[in-house]
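Observations on the three-dimensional arrangement
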Amino acid sequence: MTAPAPRRSGGRAARRDARAAPLAEALRPVRPGLDGGLYCPLSEAQMQRIHAAALDALEQIGLADAPQSGIDHMTRAGAIHGRDGRLRFPRALIEDTLARARPDLTLHGRDPRHDMQLSGTRVHYGTAGAAVHLVDVATQAYRESTVQDLHDAARIADTLDNIHFVQRPMVCRDIQDNREMDLNTLYACCAGTTKHVGVSFTEPDFARDAFEMLHLIAGGEAAWRARPFVSNSNCFVVPPMKFATESCLVMEECIRGGMPVLLLSAGQAGATAPAPIAGAIVQAMAECLAGLVYVDAMCPGHPVIFGTWPFVSDLRTGAMSGGSGEQALLSAGCAQMHRFYGVPGGAVGGIADSKLPDMQAGWEQATSNVLAGLAGLNMVYEAAGMHASLLGFCHESLILGDDLIGQALRCVRGIEVDEDTLSLEVIRAACIGGPGHYLGAGQTLARMQTDYLYPACANRASPKEWVEQGQPDLVATATARKERILATRAPARFDAATDRAIRERFRIHLGP
């Protein structure tokens, strides 16, 4: 006798009702800081060889162009300043520095619920970059990005569960003065989100001005130093193997001001880094190890993110190719080396070469974000919104990226195997005297919240239901969500007294 077909409408209603309840943090299927590390493109022997090559590069080649203050700090620690002007680093110095390096750190949000614990293989995704254009999906045109665009990006990111931090993704092209641009970048990001913010500074004096603003926002210098909610993205090297003199001075100012530092080495394989993936990783490790010595010599224990960001070239043209499979492998390999050294680290993921949020962008962003997460990368930068290999940023793509990163995080979480998930008794109850299906089972209703992730924008309706819904377009859905977010006042905006104090001291271009 054939069993009757299960009544799907009732099951669908039950699932809908269960999902409608707000999820407690413990029930969320994905969350910041899930442990990755399941994907290991490098063997132990390969990591040892990369490490040995990086040590050889530091000891034999060294780095040029350090500022005098940096030379003084590093030579006191044991670096050797050669007649050719290059600083070389004995193996023992690198090993001693790594032994003292912090294995974990907290990157604070302005709101403590957004604090990120960086250690081991805990994974976090966020924005970054310096796009000079905003992608207008309505016209499919690129226009120069503005401070309002940057603020809007921060506001949108503040609402997205799977965007864990906001490092400046766009340059304020409507502000010509570099000091005003740096300070307005800081203001626009902090006024848009209470998540951790990353910014850069053009000159040391601008960083000093920024600390004055941050003390106002935090409620005083002591409050800022207790919970620094902004980090400095610092390109302290100019690959290959040269210190960026002005950026190093900015870094020193940030260290004195109590700001965490992202030591960012951004060579481009085939251009400013070796073309082989392993060679690009070697150079990035060598450069960031030199940066680690620099910071440790100046201020032992200062919070540092090991920012190996090697990029990829399309060797046919020399142009950057952030959406390539090679880029995904580079970032995953860097994540493994961070674990090898036992330091919190970051690299890139989610960059698209595609100019618009289309199918090409989808596969490019998904490949690198999933591999970075599975490799256990602590900080996945540029994970959403980036197009044209960092030349364009798209608000709609940021929103769609939240769905994409959610799926990546679900992959990172992996498969739990225990008595309940093996489900033997549930199978027994369904098959012996039961309904022959699991639609109404208590386990199904419980697990639909804890084990399954549901996208906010992606459409899973049947073709018939999709037509009945008006055949919604994915990008149009994201645009509608963007407009709803931006139609409300940003909850991260400062109180009136703080905002007035900031505007009295600095020329703020963003409207109140």
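Because the structure is predicted, anything quoted here is derived from the model rather than measured.

1. Quick word on the packing of helix H7 (residues 204–218) against helix H9 (residues 245–256)
- Across the interface, H7 lies against H9 with an axial gap of 8 Å and an inter-helix angle of 25 degrees. Relative to H9, H7 is oriented roughly parallel. H7 and H9 meet at a crossing whose hand is right-handed. Here H7 contributes Pro-204, Ala-207, Arg-208 and Phe-211 to the contact with H9, which in turn contributes Glu-246, Leu-249, Val-250, Glu-253 and Cys-254.

2. So, the packing of helix H5 (residues 147–159) against helix H6 (residues 178–190)
- H6 packs onto H5 with a crossing angle of 30 degrees between their chain directions and a minimal axis gap of 8 Å. Remark: the crossing between H5 and H6 carries right-handed chirality. Side by side, H5 and H6 meet where Val-147, Leu-150, His-151 and Ala-154 of the first sit next to Asn-184, Thr-185, Ala-188 and Cys-189 of the second.
- Residue composition of the contact of H5 with H6, by class: five nonpolar, three polar and no charged.

3. Some words on the sheet that holds strand S20 (residues 392–393)
- Strand order in the open sheet made by the four strands is S8-S7-S20-S19, with mixed pairing throughout. Where the open sheet ends on each side, the last strands, each with one partner, are strand S8 (141–144) and strand S19 (386–387).
- When strand S7 (residues 133–136) meets S8, the two strands line up antiparallel, connected through four bridges. Residue pairing for S8: Val-135 is matched across the bridge by Tyr-142.

4. Comments concerning unusual backbone geometry
- Across the junction of Pro-239 and Pro-240, the peptide omega takes the value 5 degrees, indicating a cis bond.
- Along the chain, Pro-240 falls in the loop between strand S11 (230–234) and H9.
- Here Gln-140, not a glycine, exhibits a phi torsion of approximately 55 degrees, which is positive.
- Mapped onto the fold, Gln-140 is located in the loop between S7 and S8.

5. Comments concerning the packing of aromatic side chains
- In this structure the tally under the stated criterion is nine aromatic pairs.
- Each ring, one from Phe-243 and one from Tyr-294, has its centre 5.8 Å from the other, and the planes form 80 degrees; the classification is edge-to-face. With Phe-243 in the loop between S11 and H9 and Tyr-294 in helix H10 (residues 277–298), this pair connects stretches of sequence that are 51 residues apart.
- Residue Phe-243 is classed as buried on the basis of its relative accessible area of 2%.
- Within the aromatic cluster, the residues linked to one another by ring pairs are Phe-165, Trp-309 and Tyr-381.

6. What to know about the confidence of the model for the protein
- In this model, the protein carries an average pLDDT of 94, and 95% of its residues clear a pLDDT of 70 or more.
- Low pLDDT (under 50) marks residues 1–21, which in the prediction has 14 contacts with non-local residues, meaning those over four places away or in another chain.

7. Concerning a nonpolar patch on the surface
- Together, Ile-415, Val-417 and Leu-422 give the surface a local cluster of nonpolar side chains, amounting to about 370 Å² of exposed area.
- Structurally, the position occupied by Val-417 is in the loop between helix H13 (395–413) and helix H14 (419–422).

8. Quick notes on the pairing of strand S14 (residues 304–308)
- Burial runs high along S14: five of the five residues are buried.
- Here S14 shows no split at all, with Val-304, Phe-306 and Thr-308 on one side and Ile-305 and Gly-307 on the other all buried.
- Across five bridges, the pairing between strand S12 (residues 261–265) and S14 is parallel. Bridge pairing links Val-261 to Val-304 in S14.
- Sheet analysis places S14 next to strand S17 (residues 345–348), joined by two bridges and oriented parallel. Considered in S17, the bridge of Phe-306 is made with Gly-345.

9. Thoughts on the sheet that holds strand S16 (residues 319–320)
- Across the sheet, which stays open at both edges, the three strands sit in the order S13-S15-S16 with mixed pairing between neighbours. With partners counted over all chains shown, the strands left at the sheet margins are strand S13 (268–269) and S16, one partner each.
- Bridge analysis of S13 against strand S15 (residues 311–314) gives two bridges, and the strand direction is parallel. Following the sheet pairing, Gln-268 is matched in S15 by Phe-311.

10. Comments concerning helix H19 (residues 496–505)
- Of the residues making up H19, those classed as buried are Thr-498, Asp-499 and Ile-502. For H19, the arc enclosing every buried residue in end-on projection is 95 degrees, short of the 170-degree limit, so these residues lie on one face. What points out from H19, more than 90 degrees from its buried face, is the exposed set Ala-496 and Glu-504.
- Those residues of H19 that are buried lie in contact with H6 and H7.

11. Examining H10
- For H10, with 22 residues, the first-to-last C-alpha span of 32 Å sits near the 32 Å given by 1.5 Å per residue.
- Across the 22 residues that make up H10, a large majority, 19, are buried.

12. Concerning the pattern of salt bridges
- Enumeration over the complete set of coordinates arrives at 25 salt bridges.
- The shortest N-O distance in the salt bridge between Asp-296 and Arg-100 comes to 2.7 Å. Residue Asp-296 is found in helix H10, and its partner Arg-100 is found in helix H4 (residues 91–100); the two are separated by 196 residues along the sequence.
- On the basis of relative accessible area, Asp-296 is assigned to the buried category, the value being 12%.
- Note that Asp-111 and Arg-113 form a salt bridge whose closest N and O atoms lie 2.9 Å from each other.
- Take Asp-111: its relative accessible area is 24%, and that puts it in the partly exposed class.
- Salt bridges sharing common partners tie together Arg-413, Glu-416, Asp-420, Arg-447 and Asp-451.

About the criteria used
- Residues numbered from 1 in each chain as written.
- Predicted model: local features only at pLDDT ≥ 70, side-chain atom pairs only at ≥ 80, totals over all residues.
- Heavy atoms only, no water.
- Axes fitted to C-alpha atoms, helices over the stretch in contact; angles between N-to-C directions.
- Helix = DSSP H or I, 4+ residues; strand = E, 2+ residues; numbered from the N terminus.
- Parallel < 35°, antiparallel > 145°, perpendicular 65-115°, else oblique.
- Left-handed = near helix turned anticlockwise from the far one by under 90°.
- Contact = heavy atoms within 4.5 Å.
- Nonpolar A, V, L, I, M, F, W, Y, C, P; charged D, E, K, R; others polar.
- Pairing = 2+ DSSP bridges.
- Phe/Tyr/Trp six-rings, centres within 6.5 Å; stacked < 30°, edge-to-face > 60°.
- Buried < 20%, exposed > 50% of the residue type's maximum accessible area, 1.4 Å probe, protein only.
- pLDDT = per-residue confidence, 0-100.
- Patch = residues over 30% accessible without salt bridge, like charges linked within 9 Å, V, L, I, M, F, W, Y side chains within 5 Å.
- Areas by Shrake-Rupley, 256 points an atom, 1.4 Å probe, with all protein chains shown as cover.
- Salt bridge = Lys/Arg side-chain N within 4 Å of Asp/Glu carboxyl O.
- Arc of directions from axis to C-beta.
- Expected span 1.5 Å × (residues − 1).

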